[in-house]
Amino acid sequence: MNRQEELKLTEEVLELKSAKSAFLGDGVERLSYDNYRSEERFRNELDKVFRQLPHAIAHGSALEGPDTFLRASHAGVPLLITRDSDGVPHAFVNTCRHRGMQLVAEQSGCAKRFTCPYHAWSYGTDGGFLTAPHFDQGFGELDKAELGLKSVSCVERFGFIWITLDASSRDHVDDLFAPIAEDFESLRIEGLRVAHETVVQVEANWKLLVEGGLEAYHFKVAHKDTIGPYFENNLSTFQVFGDHIRSVLPRATLADSDVQDDSFRLLDHANILYVLFPTTQLLVQQDHIVWTQTNPISPGLTESRMVTLVPAEDLEGEKAQGYWAKNHHITCTTLGEDSSVAEGIQRSINAGFDQTMILGRFESALGAFNDTVTRRLAS
Ligand code: FES
Ligand SMILES: [Fe+2]
């Protein structure tokens, strides 16, 4: 984000604060409970959103050098992500082409080839078929060139490795993120490293987890014992960039800061949340970024991966370790409060006594996010 934009966003928040007003949308909106519990709706979301659009499967540094790999999954598909000997990332379905055994069981590591634990068919880091015991006798009529691992579209951009499950998808990473590329580039995520990560399963629809970050109305209530006291009451702003949302969440210190000072930085007095459609959220803080990866499993079950990304040069040393561990713990506790809320909402939705939830004028970012989902489903 450039300086002019940073000061404009600051001004906007300070004007609202002095007018004692929240950032208001046009009017009250309603969201149907069916969007969060319908199997049919979820299958549509799988086809038209999660399989169609790029998903950040790993930070680039998770594959440190040539001939490295990691195991992952997205939208129910088991994946093997590799970096070949030239450093190029690839993604494959983690399934042996012989009789379908899971090829790699290890979570991550270094390897020049992958050998299936069932009958020892082996493959290179570029996915190509290499050898199989007694191949000529048993499979001689097959073309080895067609026995490579099933590949999935994969590209490294903005510091992440992105995969797209649907081979026919025309939504390239560069196109999807073009409206917010300047901001995304400026975060310099490729220079960060993973300090800590935690994966949890939350018994709630994926949209409830995203929506939890899009308003500050709940901060002083649901987060009263954690982050609530540090933030302004019910004050956040947002801007829409194509399918994505950027939200400014001001801390209480912003009101007393000297905006005219050249050393003023909005990030010293606010968090900035990027909800990058559909499954990537970046909570940009003073000295680090929390990356939340959303993996929908069923209408009422979502895996949430919380990763603390820190500048590579700030990762080393005993003090740094304690500092980032503490930060990560605070993040997990706060997002744990949001997850408990989401599970409570999901139970109400499943019970089915009411049919809609109500969004106030200061919760209109949730409406904007749901409009994007609806637009994608209709496309
Ligand atoms: S299933 Fe992999 S070698 Fe047989
Ligand atoms: Fe929250």
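All values derive from a computational prediction rather than experimental measurement.

Asker: Give me the layout of surface pockets: which residues, what numbers.
Answerer: Empty space within the largest pocket amounts to approximately 940 Å³. Around the largest pocket sit 38 residues that line it, and I227, N271, L283, Q285 and T334 are the ones nearest its centre. The leading source of residues in the lining of the largest pocket is helix α9 (residues 318–351), at nine residues. Counted by class, the lining of the largest pocket contains 17 nonpolar, 17 polar and four charged residues.

Asker: Explain the coordination of the iron ion (ligand 2) to me, and be specific about the residues and the numbers.
Answerer: Coordination of the iron ion (ligand 2) by the protein is provided by H218 (NE2), H223 (NE2), D338 (OD) and D338 (OD), with metal-donor distances spanning 2.0 to 2.5 Å. Geometry at the iron ion (ligand 2) is irregular, judged from its four donor atoms and the angles of 56 to 155° they form at the metal. All donors to the iron ion (ligand 2) come from one chain, and their sequence spacing reads H-x4-H-x114-D. For H218, a relative accessible area of 14% puts it in the buried group.

Asker: Lay out helix α10 (residues 364–378) in plain terms, naming residues and giving numbers.
Answerer: Between its first and last C-alpha, α10 extends 21 Å over 15 residues, near the 21 Å set by a 1.5 Å rise per residue. Burial analysis of α10 places eleven of its 15 residues in the buried class, which makes it a mostly covered element. S364, A365, L366, G367, A368, F369, N370, T372, V373, R376 and L377 are the residues of α10 that are buried.

Asker: Describe the packing of aromatic side chains, listing the residues and the values that go with them.
Answerer: By the definition in use, this model includes 21 aromatic pairs. Pairing W121 with F129 gives two aromatic rings, centres 5.3 Å apart and planes at 75°, and the pair type is edge-to-face. For the pair W121 and F129, one class covers both residues: buried. Plain terms: the ring middles of F158 and F184 are 4.2 Å apart, the flat faces sit at 5° to each other, and that makes the pair stacked. One end of the pair, F158, is in the loop between β10 (151–157) and β11 (160–164); the other, F184, is in helix α6 (residues 181–186), with 26 residues separating them in the sequence. Neither F158 nor F184 differs from the other in exposure class; each is buried. Three or more aromatic residues link up through ring pairs in this structure, and these residues are F158, F160, W162, F177, F184 and W291. The ring of F158 carries the charged tip of R157 above its face, separated from the ring centre by 4.4 Å. Lying across the ring of Y36, K207 places its NZ or CZ 5.1 Å from the centre.

Reading the values: the criteria
- Residues numbered from 1 in each chain as written.
- Chains lettered and ligands numbered in written order.
- Predicted model: local features only at pLDDT ≥ 70, side-chain atom pairs only at ≥ 80, totals over all residues.
- Heavy atoms only, no water.
- 1 Å grid on protein atoms, 1.4 Å probe; cavity = no way out; pocket = protein on both sides within 12 Å on 5 of 7 lines; lining within 4 Å.
- Points joined across faces, edges and corners; volume = space filled by probe spheres on them.
- Helix = DSSP H or I, 4+ residues; strand = E, 2+ residues; numbered from the N terminus.
- Nonpolar A, V, L, I, M, F, W, Y, C, P; charged D, E, K, R; others polar.
- Donors = N, O, S within 2.8 Å, 3.2 Å for Na, K, Ca; no water.
- Tetrahedral: all angles 85-135°; square planar, octahedral: opposite > 155°, others 65-115°.
- Buried < 20%, exposed > 50% of the residue type's maximum accessible area, 1.4 Å probe, protein only.
- Expected span 1.5 Å × (residues − 1).
- Phe/Tyr/Trp six-rings, centres within 6.5 Å; stacked < 30°, edge-to-face > 60°.
- Lys NZ or Arg CZ within 6 Å of the ring centre and 35° of its normal.

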